[in-house]
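So the chains spell out like this:
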Amino acid sequence: MDGFVIFINQIINGIQVGSIYALVALGYTMVYGIVKLINFAHGDFIMVGAYVSLFSVPLLVRMGVPAWLCIVLALAACALLGVVTERVAYKPLRNAPRITALITAIAVSLLLENLCMLLFSSSSKPFPTVFNKSIFNLGGVQFNSITLITIVLSVISMILLQLFVKKTKMGKAMRAVSEDGGASILMGINSNTTISITFAIGSGLAAIAAVMYCSAYPQVNPYMGSMLGLKAFIAAVLGGIGIIPGAMLGGFVIGLVESLTKAYISSQLADAVVFGILIIVLLVKPTGILGKNIGEKV
Amino acid sequence: MTESVLKVEHLGIAFGGLKAVEDFHLEIGKSELVGLIGPNGAGKTTIFNLLTGVYQPTEGAIYLDGVPMVGKKPHQMVAAGIARTFQNIRLFKELTVLENVMVSFNHTMKYSILSGILRTKNYWKEEAAAQRRALDLLRVMHMEDYADQVAANLPYGQQRKLEIARALATGAKILLLDEPAAGMNPTETTQLMDAIQTIREKFQISVLLIEHDMSLVMSVCERIVVIDYGHIIATGTPFEIANNPKVIGAYLGTDDQ
Amino acid sequence: MKLYVNQKTAYRSYVINLIAVVLVFLLLKGLMSAGIINSYVAGVCMTVMINIILAASLTLTTGLLGQIALGHAGFMSVGAYSAALLVKHAKDSGVVLSTPDGITPAGYGYFLLSLLLAGVVAAFFGLIVGIPALRLKGDYLAIITLGFGEIIRVIIENVKFTGGAQGLSGIPRLASFDVVFWLTALIIAILFAFVRSRHGRAIKAIREDDIASEACGISNTYYKVMAFTMSAFFAGIAGAIYAQQMAVLGAKTFNFLKSIDILVIVVLGGLGSLTGSIVAATGLTILPEALRSFSEYRMVIYSLALIIVMIFKPSGLFGNYEFSLTHLLSKLRRPKSNTPAAGGESKQKEVTKA
């Protein structure tokens, strides 16, 4: 029975981390879907979101509003950051070789990390409590409110996103641009606006992920985004990059695999197992679990 | 037709449930020029892809000089003697015209990596010979003046010709030309056809030609195969084809359709 | 008939280039013995040379084959550890590798042997990774090589004989400036020669159009794996030099950020240009050292500069251009003589530099 409880706890852990990965992976996947760019700076948007929340919590508390509203501020800041990054750094390179854009994204990532290090120093800062942490007990399985909030909030975000993409006019425009940018311009879609909105939404999701992540692991430092971003990116590729449900699936898979590996195999090897699964999936199905295989027409 | 160079029997391929090509037969003799025509989407390029190993057929057999070819990879098909050009030009854009042609000699060149790095005698001998042969070929195509130019900078018509020169350079026994005159003006087309005729005579090479320009096909081909919906609907001399009601039906539509 | 492959002019250019390299060597040695280059600057020079080898080797995969690889640090680490373990073993079994006066002949021998071992082991890993990974293209290849690179790192961090997470220390410092200088020159010469052989041409053809290259009789798989394996081989050698210069190794050094550093050098220099890789490797190694007094702003400046270069010069500093000493000299000798067609010049340049 004890073993079973531990197992269930690990599963819950995995889902919690997985839903954070999924939120971040959505940003990667949406951006990739529309501009075919691996936005290496996306992980650092999480970090920026975390700093914005960190500094806004005391202000909010002083103003007498609930601390969790820092999500709104972080969301706005990240969305703005995403749009500005795209406009300034990526837009001029839309027709350049792919690798140039990739290097630029890496450079943006380095810039954000080092700017934050310059401004806030490289040491970790504690993250304040924004959600009350109460512990529930369900038949021996313990979990806390943060876990619950994280999972619920992620699922709600994903459902909203899916509705947005499928039902709204802007969502349709996003799908059209990612399918064929040139043709969608001819159909009267403003591809620049569409791309900006995609970046805004993707980066906004990173901000939500940031607050959730910091609530679970209450530390903020300039490098926190890089490994988190990398894992989420792997999640996006695993599920099939460019495909929104794929990112969610990939996020949960990576979260669960990581949590179970740490519990049952070795915490040092968790990264290797995650990468190993990525490699196997790519070799078996190069476009990811939900990806479509498209051969080049001769 | 004395002996057949290429012999294709019952060739077919299905994508999912869709049979793109079915029961395709073809025999081409030495230095024969055969046209392959049919409406858009009839399966012409698919047949080329089958003959060059890009697709693996689901049924049927391909023989080159009696040797079975099915199952070979594209580069092995080239080594065996089947070369092609592409409908949408596929040159090595950043390489020079000369280098484009020399790439095709690679499978016949022998010097090792080490030889190349150490610049041994073999390296100099083979490279010089390859260049000489490439220039000869370009001269046949009247392109020797472009030898130094980067392929991407060539005028459109010259790009098409370079593709043919590059395919020829593989030392092929049979050349598959996929709409070589597409996008050319009448003068360029005439020059191209002259070049193809010269090649056939000079290199004793067979040609299978996909082309939409009917007057061109009718004037140069000795034999024409017409396909529609993946099936052969007629085979014969240009004159026979031009008067075949089935062919006219496929192109213009018949009353019962 | 004008022939572009000309043994005589090529040999003349080899001699000219060799003289130039000897002059650079003598200049550096002169500055060293005059004390203008102190041991710190000499150390920076070593790092420059290691980075040149790394960047030049990655140019094979990224520039010549046109594929993005994000696992280069993995091959470097495999080479570094192989070499380190070999020379450490030699030292522990009582071979005198160096005395206070300098490196012994046995030390030089073991150094070269360790480089060979490092190259071969790294190439072996390159082969194992390359055969499955090279079935993918573009971003997917980038991701899968990143994955392999990280797995190599995690494994090195978790096995015993590599020193695990603590790393490896007490590696004999056998990398001497002279030997490394000539090795770097040799490796660059090898790469230039390789690029201008039929093999290099085949690999370039795959980069330009992989469907057309198959249709010209090139076995894509064979040549892709060849480029990738060679790339790993030289990365392994760079790792071996690094190990025997630093004397300590930690697996964390070789994470994917290191791979990205190398990639940045290649892209910044210009994808198709070995010259660019060499210049960028030199610049990007020296610049941070020169900016030491602004150390806090260093990385900010670096990343900003990188963004600006990428936006305004997307093809990198040198694009496809290759510097040719012979060409420069002949230009100086008869300025504005009957200039052949632009294309002819570039072709001439390529052949004569070889």
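Small disclaimer: the values here were computed from a predicted structure and weren't measured.

A few points about the overall build of chain A
Turning to step 1, where the next piece is worked out: In terms of regular secondary structure, chain A is built from 11 helices and four strands.
Turning to step 2, where the next piece is worked out: Taking 19 Å as the expected radius of gyration for a compact globule of 298 residues, we find that chain A reaches 19 Å, a close match to that expectation.
Turning to step 3, where the next piece is worked out: Seen through its principal axes, chain A has C-alpha atoms that stretch 60 × 50 × 35 Å.
Turning to step 4, where the next piece is worked out: In chain A, the share of contacts with a sequence separation of at least 24, taken over all contacts with a separation of at least 6, comes to 75%.

Let's talk about the overall build of chain C
Turning to step 1, where the next piece is worked out: Within chain C one finds 14 helices and two strands.
Turning to step 2, where the next piece is worked out: In terms of C-alpha radius of gyration, chain C reaches 21 Å, essentially the compact-globule figure of 20 Å for 354 residues.
Turning to step 3, where the next piece is worked out: Along the longest, intermediate and shortest principal axes, the C-alpha atoms of chain C span 65 × 50 × 45 Å.
Turning to step 4, where the next piece is worked out: Every one of the 354 residues in chain C was classed for burial, and the buried ones make up 51%.
Turning to step 5, where the next piece is worked out: Residue pairs at least 24 apart in sequence account for 82% of intrachain contacts in chain C once pairs closer than 6 positions are excluded.

Comments concerning the confidence of the model for chain A
If pLDDT is low for a region, its predicted coordinates should not be looked at in detail.
Turning to step 1, where the next piece is worked out: For chain A, the average pLDDT comes to 90, and 98% of its residues sit at 70 or higher.
Turning to step 2, where the next piece is worked out: Per-element averaging of pLDDT across chain A places strand β3 (residues 141-144) of chain A at the bottom with 80 and helix α3 (residues 70-90) of chain A at the top with 96.

Quick word on the interface of chain C and chain B
Accessible area lost when the parts come together is the quantity often used to give the size of an interface.
Turning to step 1, where the next piece is worked out: On the chain B side, the residues contacting the 31 residues of chain C number 36 residues.
Turning to step 2, where the next piece is worked out: If you list the elements that add at least two residues to the side of chain C that touches chain B, you get α6 (177-195), α7 (198-208), α8 (210-215) and α14 (342-353) of chain C.
Turning to step 3, where the next piece is worked out: At seven residues, the largest contribution of residues to the side of chain C that touches chain B is made by α7 of chain C.
Turning to step 4, where the next piece is worked out: Here the side of chain C that touches chain B is built from residues that sort into 15 nonpolar, nine polar and seven charged.

Some points on the sheet that holds strand β9 (residues 223-228) of chain B
Sheet strands line up and pair through hydrogen bonds in the backbone, either parallel or antiparallel.
All names here are of chain B.
Turning to step 1, where the next piece is worked out: Pairing is mixed in the open sheet, where six strands are placed in the order β6-β7-β8-β3-β9-β10. The two strands at the open ends of the sheet, each matched to only one other strand, are β6 (82-84) and β10 (231-236). The sheet shows a mean angle of 20° between the axes of neighbouring strands, taken without regard to direction.
Turning to step 2, where the next piece is worked out: The pairing of strand β3 (residues 33-37) with strand β8 (residues 206-210) spans four bridges and is parallel. Across the sheet, the residue bridging to Leu36 is Ile210, located in β8.

Things to note about the nonpolar core
Turning to step 1, where the next piece is worked out: Counting 285 residues, the largest nonpolar core has Val24 and Ala209 of chain A as its most contacted members.
Turning to step 2, where the next piece is worked out: With 16 residues, helix α9 (residues 220-246) of chain C is the largest single contributor of residues to this core.
Turning to step 3, where the next piece is worked out: Mapped onto the domain boundaries, this core takes at least three residues apiece from domain 1 (4-91 + 172-252) and domain 2 (92-153) of chain B.
Turning to step 4, where the next piece is worked out: Apart from residues lying up to four places away in sequence, Val24 of chain A is in contact with His42, Ile46, Ala206, Ala209, Leu228, Gly229 and Ala232 of chain A.

What to know about the pairing of β3 of chain A
All names here are of chain A.
Turning to step 1, where the next piece is worked out: Bridge count between strand β2 (residues 135-138) and β3: four bridges; the pairing is antiparallel. Counted as the bridge partner of Phe136 is Phe143 from β3.
Turning to step 2, where the next piece is worked out: Following β2, the chain reverses through two residues before pairing antiparallel with β3; Gly139 in that reversal takes a positive phi of roughly 55°.

Some points on the packing of helix α1 (residues 2-35) of chain A against helix α8 (residues 191-216) of chain A
All names here are of chain A.
Turning to step 1, where the next piece is worked out: Relative to each other, α1 and α8 sit at 165°, their axes nearing to 9 Å. Looking at the two axes, α1 sits roughly antiparallel to α8. Relative to α8, the crossing made by α1 is left-handed.
Turning to step 2, where the next piece is worked out: Of the residues belonging to the contact of α1 with α8, the class tally is 18 nonpolar, five polar and no charged.

Regarding the environment of Asn144 of chain A
All names here are of chain A.
Turning to step 1, where the next piece is worked out: Tracing the sequence through the fold places Asn144 in strand β3.
Turning to step 2, where the next piece is worked out: Residue class for Asn144 comes out partly exposed when judged on the 18 C-beta atoms lying within 10 Å of it.
Turning to step 3, where the next piece is worked out: Considered as a pair, Asn144 and Asn132 are 12 residues apart in the sequence and their alpha carbons are 9.4 Å apart.
Turning to step 4, where the next piece is worked out: When neighbours within four sequence positions are excluded, Asn144 is seen to be in contact with Lys133, Ser134, Ile135 and Phe136.

Here we look at the environment of Gly30 of chain C
Turning to step 1, where the next piece is worked out: Residue position: Gly30 of chain C is located in helix α1 (residues 7-33).
Turning to step 2, where the next piece is worked out: A sequence separation of 81 residues divides Gly30 of chain C from Phe111 of chain C, and the C-alpha atoms of the two residues are 25 Å apart.

Reading the values: rules and limits
Residues numbered from 1 in each chain as written. Chains lettered and ligands numbered in written order. Predicted model: local features only at pLDDT ≥ 70, side-chain atom pairs only at ≥ 80, totals over all residues. Helix = DSSP H or I, 4+ residues; strand = E, 2+ residues; numbered from the N terminus. Rg over C-alpha atoms; globule rule 2.2 N^0.38 Å. Contact = placed C-beta atoms within 7 Å. Buried ≥ 20, exposed ≤ 12 C-beta atoms within 10 Å, placed from the backbone. pLDDT = per-residue confidence, 0-100. Nonpolar A, V, L, I, M, F, W, Y, C, P; charged D, E, K, R; others polar. Pairing = 2+ DSSP bridges. Axes fitted to C-alpha atoms, helices over the stretch in contact; angles between N-to-C directions. Core = buried A, V, L, I, M, F, W, Y, C linked by C-beta atoms within 7 Å. Domains from an automatic or database assignment. Parallel < 35°, antiparallel > 145°, perpendicular 65-115°, else oblique. Left-handed = near helix turned anticlockwise from the far one by under 90°.

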